[in-house]
Amino acid sequence: MPGVAIAAGDLLHLTRQASVQFSRPITVRVIRVRTDWHTYDGWVWIDAYQLDAAGDAVRRRTLYPST
């Protein structure tokens, strides 16, 4: 994901490459990018729905992956 612009509606597969918090990969659909929260360069706060294997939303999460 290096240097990728993230937007609402994007489907992301987050792995350890995005952050150590994703040692177990997850798939999410982005609800919104939190531009009002401060971050380090190359990182972004997002609100997203975590999806199961069928693509159904199972949990709402606020995440901090690198772009």
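A few points on the structure. Predicted model only: the values in this text are computed from it and were never measured.

## Things to note about the sheet that holds strand β4 (residues 57-63)
The sheet built from four strands is open, its strands ordered β1-β2-β3-β4 with antiparallel pairing. One side of each edge strand has no neighbouring strand; the edge strands of this open sheet are β1 (11-14) and β4. Sheet twist, expressed as the average angle between the axes of neighbouring strands with direction ignored, equals 35°. Bridge count between strand β2 (residues 26-33) and strand β3 (residues 46-51): six bridges; the pairing is antiparallel. Looking at β3, one finds that R29 is bridged to Y49.

Parameters and conventions
Residues numbered from 1 in each chain as written. Predicted model: local features only at pLDDT ≥ 70, side-chain atom pairs only at ≥ 80, totals over all residues. Heavy atoms only, no water. Pairing = 2+ DSSP bridges. Helix = DSSP H or I, 4+ residues; strand = E, 2+ residues; numbered from the N terminus. Axes fitted to C-alpha atoms, helices over the stretch in contact; angles between N-to-C directions.

Remember, this is a structural readout, not a statement about activity or role.
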